[in-house]
Amino acid sequence: MKIYRWIDKYNYKVSIKITKRYYTGISKRRTKLYSLSPSFWGDYLLRLLLVFASVIFVKKSAFKGFYNIISRKFSPFFSSDTNPIIYIKTRDLISALFGYRYFVDEATPDLLDRKIILAEKIVFQRSEEPFISVIVTGNYRLDSLYNCLKSLSDHISEKHTFEVIVFKNQDHHVNSFLNNNVKGIILLETASFASISENAKGNLIYIQSSEAIIKKNCVELLAEVLKNKDVGCAGAKHLHRNGLLIRTEGDTIFYEDSTHPEFNSQREITHYASANFIFHRDHLSNLNLSDIDLLSSVYIGDQIGQYLAGKNKKVIYQPLAEVVCYNIHQLKAQALIEKPAQKTILFIDDVIPTPDQDSGSNRIFKIMQLIKALGFHVIFLPANGEKKPRYSNQMILEGFEVLYRFPNMRGLIKILEGKLQDIDAVWLCKPHNNEQFKFLFEQEKDLFWIYDTIDLHFLRLQREGNLSGDQSVIQAANDVKQVELNIAKRASITLAITKDEKEVLENEGINNVEIIPNIHEIKTVTESAVSFSLRNGLLFIGGYLHKPNIDAVQWLVKEIMPLVWAVDPQITLTLLGSNPTDEILALRSDKVIVPGYIHDVSAYFYSNRIFVSPLRFGAGMKGKIGQSLEYGLPIVSTDIGVEGIGLTNGHDVMVANDTKDFAEKIIQLYNSPDLWSNIRNNSINALKAYTPEVIKLQLEELLRNLSNKK
């Protein structure tokens, strides 16, 4: 309901305003009575009106939030050892009523009472040859220490072997718990780095605050960052138990919305916090930290950061690794102070790239990888504003900054405009996105404008119109042509994907054209190939939201394959690819297999005998052809299918453009081991011009002027 969206919108606004103001005030040493300040009253009134509206309109999520507080026996905010249950419930309900619990994650563990904790058991699978040594630091309180150890037990995966090191404490309840209730830990007398150096066996050292819990895969994500030899330390995103992100500037602690794009990109920072970070054990012997008490110091991260800076090692903030903090006064919060960035390139395409689903996404993703490897900072903005967590997380792990709607498209544009002065070039894909974002070049006159055609849209439409005879499609092609040519004339550089399309543009008077093709890695060699005799069947792959693929498959199944089956009825056809439409699914039979989207398609390329791609219209370099070449799978396709790659009919590909000839080429290649082997061996060589190493050099030359730009 529209009223629900309105309630959610203003609940968010007022709750984050209340929560940020209060906790920032507390960090500046104001008393808890600060919440009664008249400066809050207007926001409290609005919050109460929104709660009343939720009741009137029976908004279930609001009732659920209050029910969760009532039904929980304990609270993440108040110790049950020092506060009566009625006090805890009353405080939590009042806090929720006035917006202080709006962002709290339901999964945040409660602070249990001592009796319950001392009846619990925690068991770690300690390794004698650990890859990671987990060091638990901080002033141990039994309730938060229990949650900390429980989270480590639950959320450190089996991907890496590990050991957990804990220190004895003056609190006899804590020591009793560690001695009697926790199995598989190393319990040390002295909380010092000297003690760690002597006892820790892991290649990596992870410092974990006892006042924090880790979320799933936190430690593994941090360890992944250290695979980069230039990185010396990686730290997690710190969340307060109120649900907001914690960051510091000097001695001041700030609270932010943890979902804001600004705090969700992997980046290099100057230093990190006192805990919840990981570094190589090799650095231990060189760190001058022998006099630091690991149970109380809040300056460990500062000193490690200073040491690593002197060794030209990076300190990296990894936002996908999350920890929830209970007591920030025992924890110097993360300092997101970025180092000066390199030259920055902003990429804009329709959506977050899905490289396992379509060729265009695969190409742009690999281009961004190569450009980052050249020393540029890469930002990506999806024109539709959608985040797509699975794929945006993949981008973040690569070190790309991802912008997305926050909280809406207007907010996204505001964030983008705030970054424009730090952006050196904009790499815009497809004509409609260039039209949508041309305002960027009006606001920043010095922006370098890279127009990536992906393929010439007007050429694809022309071919479709010529095939179908549809005059409306032909007219659309003429209209799109004018748009594409106008953009190309204004852009600093226009990118074609093939030599053929570069020539088309140059013939239209466009002189600033360069070629950046698809990028392919050779995944197989002749000696390791599955032999001809062990393979069977035909394979096609393509996204079925793309009209040329739908036309190709229908032509293949309805006209070409009946001629093939008349000769060999045992041959099967597999139609791989994402988003199969109803008309594609209707083609299924005992001979036609439509699996839908498959993440890892390698098994299909290694088991089928021929790749078929009867494309009758389209433009650019076809990713499916390059993908088949990567696996060394011989191809039967059309002139349009193989254009721009440099393949030769009968040498490294089989080409046919009509139904009868296409069927005959399939039968000929399917039944000839010698021809199959020759085509295969020759086709592998055709990819050498499109490997990452070659394209990286082309990108370096393309961006040379940008690198020298002051």
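For the structure, see preceding data.
Just so you know, these numbers come straight off a predicted model, no measurement behind them.

(A) The overall build of the protein, seen in detail. A tally of helices and strands in the protein yields 27 helices and 26 strands. Here the protein holds 710 residues, and the buried ones make up 55% of them. Restricting to contacts in the protein with at least 6 residues of sequence separation, those with at least 24 account for 74%. When the accessible surface of the protein is split by element, carbon and sulfur atoms take 51% of a total near 31000 Å². When the 83 positive and 80 negative side-chain charges of the protein are each reduced to one mean point, those points stand 6 Å apart.

(B) Local environment of the environment of Ala275. With respect to the helices, strands and loops of the structure, Ala275 is situated in the loop between β11 (267-269) and β12 (277-280). On the accessibility criterion, Ala275 (1% relative accessible area) is buried. Once the C-alpha coordinates of Ala275 and Tyr206 are considered, the two residues, 69 residues apart in sequence, prove to be 8.3 Å apart.

(C) Up close: the side chain of Thr453. Among the secondary structure elements, Thr453 is positioned in the loop between β18 (448-452) and α16 (457-468). Given a relative accessible area of 1%, Thr453 falls into the buried group. At 2.8 Å, the side chain of Thr453 and the backbone oxygen of Leu495 are in polar contact. Contact partners of Thr453, with chain neighbours within four places excluded, come to Thr494, Leu495, Ala496 and Ile497.

(D) Layout of helix α4 (residues 85-97). In this model α4 runs 18 Å from its N-terminal to its C-terminal C-alpha over 13 residues, within 8% of the 18 Å that 1.5 Å per residue would give. Turning to α4, its buried residues number three or more, namely Ile88, Lys89, Asp92, Ser95 and Ala96. With its buried residues spanning 135 degrees around the axis, α4 presents them on a single face.

(E) Structural view of the pattern of salt bridges. One pass over the structure, following the stated rule, counts 38 salt bridges. Lys430 is paired through a salt bridge with Asp349; the nearest N and O atoms lie 2.6 Å apart. Taken together, the positions of Lys430 in the loop between β17 (425-429) and α14 (431-436) and Asp349 in strand β14 (residues 344-349) put the pair 81 residues apart, joining distant regions of the chain. Taken as a pair, Lys430 and Asp349 share a single burial class, namely buried. Salt-bridge contacts for Arg463 lead to Glu643; the nearest nitrogen and oxygen are separated by 2.7 Å. Here Glu643 lies in the loop between α23 (639-642) and β26 (654-655) and Arg463 lies in helix α16, a separation of 180 residues in the sequence. The exposure class of Arg463 is partly exposed, given its relative accessible area of 21%. Under the relative-accessibility criterion, Glu643 is labelled buried at 13%. Through salt bridges with shared partners, one network takes in Asp105, Lys215, Lys237 and Glu322.

(F) Structural detail: the sheet that holds strand β16 (residues 401-402). Read from one edge to the other, the open sheet built from seven strands follows the order β16-β15-β14-β17-β18-β19-β20, with strand pairing classed as parallel. Every interior strand has two partners, whereas the edge strands, β16 and β20 (513-515), have only one. Sheet topology places β17 next to β18; five bridges connect them, and they run parallel. What sits directly across from Leu428, in β18, is Tyr451.

(G) Fine view of the packing of aromatic side chains. Tallied over the full model, the rule gives 25 aromatic pairs. Relative to Phe400, the ring of Phe365 has its centre 5.9 Å away and its plane inclined at 80 degrees; by these criteria the two rings are edge-to-face. Of this pair, Phe365 sits in helix α11 (residues 359-373) while Phe400 sits in the loop between α12 (389-397) and β16; the two residues are 35 residues apart in sequence, bridging distant segments of the chain. What makes Phe365 buried here is its relative accessible area of 5%. One aromatic cluster is present, formed by Tyr22, Tyr23, Tyr34, Phe40, Tyr44, Phe98, Tyr100 and Tyr255 through successive ring pairs.

(H) Spatial organisation of the sheet that holds strand β23 (residues 592-596). Read from one edge to the other, the open sheet built from six strands follows the order β23-β22-β21-β24-β25-β26, with strand pairing classed as parallel. Strands at the two margins of the open sheet, each flanked by one partner only, are β23 and β26. Two elements, strand β25 (residues 635-637) and β26, share two bridges in a ladder whose sense is parallel. In the sheet register, Val636 faces β26, and the bridge partner there is Met654. Here helix α19 (residues 547-567) sits on the sheet and contacts β21 (538-541), β22 (573-576), β23 and β24 (610-613); the angle it forms with β22, its principal contact strand, is near 175 degrees.

(I) Structural context of the packing of α16 against helix α17 (residues 471-490). Relative orientation of the contacting elements α16 and α17 amounts to 170 degrees, with a least axis distance of 8 Å. Viewed along their axes, α16 and α17 adopt a mutual orientation that is roughly antiparallel. For the pair formed by α16 and α17, the contact residues are His457, Phe458, Leu461, Gln462, Glu464, Gly465 and Asn466 on the first element and Val473, Ile474, Ala476, Ala477, Val480, Lys481 and Glu484 on the second. Of the residues that constitute the contact of α16 with α17, the class distribution is seven nonpolar, four polar and three charged.

What counts as what
- Sequence order as written defines the numbering, with residues in each chain counted from 1.
- Reporting in this predicted model follows two pLDDT cut-offs: at least 70 for local features of residues, and 80 or more for side-chain atom pairs to be given and counted; totals over whole chains, interfaces and linings ignore these cut-offs and use all residues.
- Calculation of side-chain values draws on the structure's entire complement of heavy atoms; hydrogens and water are dropped beforehand.
- In this text, helices come from DSSP runs of H or I with a minimum length of four residues, and strands from runs of E with a minimum of two, each type numbered from the N-terminal end.
- Categorising residues by exposure relies on relative accessible area from a 1.4 Å probe, with only protein chains included: less than 20% of the type maximum marks a residue as buried, more than 50% marks it as exposed, and the intermediate range marks it as partly exposed.
- Contacts were defined at the residue level, with two residues in contact if any of their heavy atoms lie within 4.5 Å.
- In these tables, accessible area is a Shrake-Rupley quantity obtained with a 1.4 Å probe, and a residue counts as shielded only by the protein chains included in the view.
- Neither His nor the chain ends contribute to the count of charged residues, in which Lys and Arg are positive and Asp and Glu negative.
- Each charge is placed at NZ for Lys, CZ for Arg, CG for Asp and CD for Glu.
- Polar contact criterion, stated in full: a pair of N or O atoms within 3.5 Å, where within protein one must be able to donate a hydrogen and the other to accept it, and residues adjacent in sequence count only if both atoms are side-chain atoms.
- One less than the residue count of a helix, multiplied by 1.5 Å, gives the span that helix is expected to have.
- Working definition: the arc comes from the directions between the helix axis and the C-beta atoms, pointing outward to the latter.
- Note on definitions: salt bridges are taken to be side-chain nitrogens of Lys or Arg within 4 Å of carboxyl oxygens of Asp or Glu.
- Only strands that DSSP links by at least two bridges are regarded as paired with each other.
- Only the six-membered ring of Trp is used, alongside the rings of Phe and Tyr, when aromatic pairs are assigned; centres must lie within 6.5 Å, and planes under 30 degrees apart are stacked while those over 60 apart are edge-to-face, with the rest tilted.
- An axis is simply a line fitted to the C-alpha atoms; with a helix, the fit covers only the stretch in contact. Between two such axes, the angle follows the N-to-C directions and lies from 0 to 180 degrees.
- Working rule for angles: under 35 degrees goes down as roughly parallel, over 145 as roughly antiparallel, 65 to 115 as roughly perpendicular, anything else as oblique.
- Under this grouping Gly is polar, as are all residues other than the nonpolar Ala, Val, Leu, Ile, Met, Phe, Trp, Tyr, Cys and Pro and the charged Asp, Glu, Lys and Arg.

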